[in-house]
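What the coordinates show
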Amino acid sequence: MSHPDETARTFAQKAIERASGETGLRPGQIVDAYPDLYMSHTASWRCIRTLEKMGVETLYDVDRVAMVMDHLSPAMTAKTAADHALCRDFARRMGVKHFFDVNAGIAHIVLMENGLVRPGEFIIGTDSHSTIYGALGAFGTGVGFSEITAAWVTGRLWVKVPESVRIEIDGELPPGTYAKDVMLKLIGDLGADGLTYCSAEFGGAYTEALSVSERMTFCNLAMEMGAKNAYVAPDETTLRYLDDTGVDRGELTVLLPDAGAVYQRTVRLDGSSLSPQIAVPHTVDNVVPVEEVAGTRLDQVFIGSCANAKYDDLAIAAEVLAGNRVSDGVRLIVTPASGKIMTRASETGVLATLINAGAMITNPGCGACAGNGGAMADGETTLSTANRNFQGRMGSYESRIYLSSPATAAASAIRGVITDPREVLTPAGAMR
Ligand SMILES: CC(C)[C@@](O)(CC(=O)O)C(=O)O
Ligand code: SF4
């Protein structure tokens, strides 16, 4: 029986050793780490009010502070407007360089497209979907407002070294199925607690061939299985994305797991026979193949969220909708994940295609995903490209939310019912 190489380490062990200065860390150990970046969003006002109560006026390192006004943007109420104003004033007074206002978009996407997320770094954020930063090879994890405030002041935060799970995805997906379908299938198989406090390392030929956009979808949705963080090994695809954000490759610390590292378990999924998947109300792990709910009548379709409103997501939806019309009686709301994505979609004609099909385009941000606009009435049903379908999340507690990929959402908007995207061929030919 060969004994595991005690010195071989997983990504999580390496990332936390780097952030803490400790060595030889094992899962379960608790250490103080020094995060490279602290993200807080619209509710940063909670941290500011706490500092005021503490009488603290100095930060550990203001250049590690990133604030993004994304969840309730633009302000819909005087209270939210006051919260935004407090954040703007704080950022100005403290010299926060990485402050992004209501026109920027969803924090996770904004930080990555602005070169603030780098491989090997330890990033904490006041949002559970901070796991998304693993798409660029960083250790990203969601924390509370108290933790962010503590990091603002002390520069450090305790962290328990997670167990690591390898998730090997192989097989060539059939046309009309995407990373979102793979993740919904995994969530349905493993359950909402399937990866609780684990580091999810995605690998396999399918993962390695993914775009950064779809790696973001992977790492974002890993949170819906309880993952502490998620990770796709940085490669040339990652580095090309980072080049475009202005990051200097020479400044990067790419951390890769060692061969022989010890994993709690390995999960394998062959996507070659996967059909489009749907999360059914009211939990994300209540997942079925689209065939089982096809024909479900829809009042609204929402293409948005940090999971699936990146440029590629909007382009896929436009490919399906090109030359088609949104069904009468259905509201199609498209909320680009960031201002940069919206500008690119405008320049390439993707927005025009969506608008000509009958879509309503909103400002970039969380939008309806956070219940900010696009609310549902009693008895209504929406199909959303987001990552959560908890009851009442998007308006009435008596409304129902199904989750899908952008392709399924677009095809369903055309027919007015949940539809298998493989039934909707674009003029350009079969679905990708
Ligand atoms: C704030 C809320 C809407 C949240 O962004 C919170 C979170 O993910 O931490 C979510 O998507 O559930
Ligand atoms: S899941 Fe929705 S509300 Fe939460 S950060 Fe992402 S876009 Fe915003």
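Parameters at a glance
- Residues numbered from 1 in each chain as written.
- Chains lettered and ligands numbered in written order.
- Predicted model: local features only at pLDDT ≥ 70, side-chain atom pairs only at ≥ 80, totals over all residues.
- Heavy atoms only, no water.
- UniProt positions renumbered as here; feature names shortened; annotations may be inferred.
- 1 Å grid on protein atoms, 1.4 Å probe; cavity = no way out; pocket = protein on both sides within 12 Å on 5 of 7 lines; lining within 4 Å.
- Points joined across faces, edges and corners; volume = space filled by probe spheres on them.
- Helix = DSSP H or I, 4+ residues; strand = E, 2+ residues; numbered from the N terminus.
- Nonpolar A, V, L, I, M, F, W, Y, C, P; charged D, E, K, R; others polar.
- Polar contact = N/O pair within 3.5 Å; in protein donor to acceptor, adjacent residues only side chain to side chain.
- Pairing = 2+ DSSP bridges.
- Axes fitted to C-alpha atoms, helices over the stretch in contact; angles between N-to-C directions.
- Contact = heavy atoms within 4.5 Å.

Per an unreviewed UniProt entry, the protein carries the name 3-isopropylmalate dehydratase large subunit and comes from Actinoallomurus acaciae. Here is the UniProt Catalytic activity (unreviewed entry) comment for the protein, exactly as written: "(2R,3S)-3-isopropylmalate = (2S)-2-isopropylmalate". Check the Pathway (unreviewed entry) section of the UniProt entry for the protein; it says "Amino-acid biosynthesis; L-leucine biosynthesis; L-leucine from 3-methyl-2-oxobutanoate: step 2/4."

**As for the layout of surface pockets**
A volume near 520 Å³ is recorded for the largest pocket. The wall of the largest pocket is formed by 17 residues, among which Glu113, Tyr241, Asp244, Tyr311 and Arg344 lie closest to the centre. The set of elements that each furnish at least two residues to the lining of the largest pocket consists of helix H4 (107–113), helix H8 (212–221), helix H9 (236–244), helix H11 (311–321) and helix H12 (339–348). The greatest single-element share of the lining of the largest pocket, amounting to four residues, is contributed by H9. Partitioning the lining of the largest pocket into residue classes produces six nonpolar, four polar and seven charged. In terms of lining, the second largest pocket is formed by 14 residues, of which the most central are Glu6, Gln13, Arg26, Pro27 and Val262.

**Focus: the environment of Asp248**
Secondary-structure assignment places Asp248 in the loop between H9 and strand E11 (265–270). C-alpha of Asp248 to C-alpha of Asp235: the two residues are 13 residues apart in sequence and 15 Å apart in space. A distance of 2.7 Å separates the side chain of Asp248 from the backbone nitrogen of Gly250, its partner in a polar contact.

**With respect to the sheet that holds strand E2 (residues 37–40)**
With parallel pairing, five strands are arranged side by side in an open sheet as E4-E3-E2-E5-E6. A single partner strand is all that each edge strand has here, and the edge strands are strand E4 (98–100) and strand E6 (139–142). Direction aside, neighbouring strands of the sheet carry axes that sit 15 degrees apart on average. Summarising the sheet, E2 and strand E3 (residues 65–68) pair through three bridges and their orientation is parallel. Its bridge partner lying in E3, Met39 is registered against Ala66. Sheet strands touched by helix H5 (residues 145–154): E2, E3 and strand E5 (122–125). Its angle to E2, the strand with the most contacts, is close to 140 degrees.

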